[in-house]
Amino acid sequence: MRAGQIETAARSFFTRLRFRDREEIMSLLGGLKLVEPGLTYLSQWWPEGPGLEPATDVDRVLLGAVGRKT
């Protein structure tokens, strides 16, 4: 399943949902110093973790970041 298909399916439950690409997300984080690993897939925030299950299609479209004011 592609990101567009996931977005369409998710909008059937969340009508105000809006997917953003990396560039759009980074623009929202302007002025923040990102903590490693930066803007990345949520599953990569614990790369040494147990990895109990393979990444799903949804795992491949959810991004996250932690930033600090500088």
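As a convention, each chain's residues are numbered from 1 in the sequence order in which they are written. Reporting in this predicted model follows two pLDDT cut-offs: at least 70 for local features of residues, and 80 or more for side-chain atom pairs to be given and counted; totals over whole chains, interfaces and linings ignore these cut-offs and use all residues. To obtain the side-chain values, all non-hydrogen atoms of the structure were used and water was disregarded.

*Asks:* If you had to explain helix α1 (residues 3-11) to someone new, which residues and values would you point to?
*Replies:* Under the scheme applied here, a residue whose accessible area is under 20% of the maximum for its type counts as buried, over 50% as exposed, and between as partly exposed, the area being computed with a 1.4 Å probe on protein chains only. Numbering goes from the N terminus for both helices and strands, where a helix is a DSSP run of H or I of at least four residues and a strand is a run of E of at least two. Of the residues making up α1, those classed as buried are Ile6, Glu7 and Ala10. Projected onto a plane normal to the axis of α1, the buried residues spread over an arc of 100° and lie on a single side. By construction, the arc corresponds to the directions joining the helix axis to the C-beta atoms.

*Asks:* Lay out the pattern of salt bridges in plain terms, naming residues and giving numbers.
*Replies:* The term salt bridge refers to a pairing of a side-chain nitrogen on Lys or Arg with a carboxyl oxygen on Asp or Glu at a separation within 4 Å. For the structure shown, the criterion picks out two salt bridges. With a shortest N-O distance of 2.8 Å, Arg11 and Glu7 are connected by a salt bridge. A residue pair is termed a helical-turn pair when its members lie 3 or 4 positions apart in one helix, as Arg11 and Glu7 do in helix α1 at four residues. Judged by its relative accessible area of 36%, Arg11 is partly exposed. Here Arg18 makes a salt bridge to Glu24, at a shortest N to O gap of 2.9 Å. Using a relative accessible area of 44% as the deciding quantity, one classes Arg18 as partly exposed.

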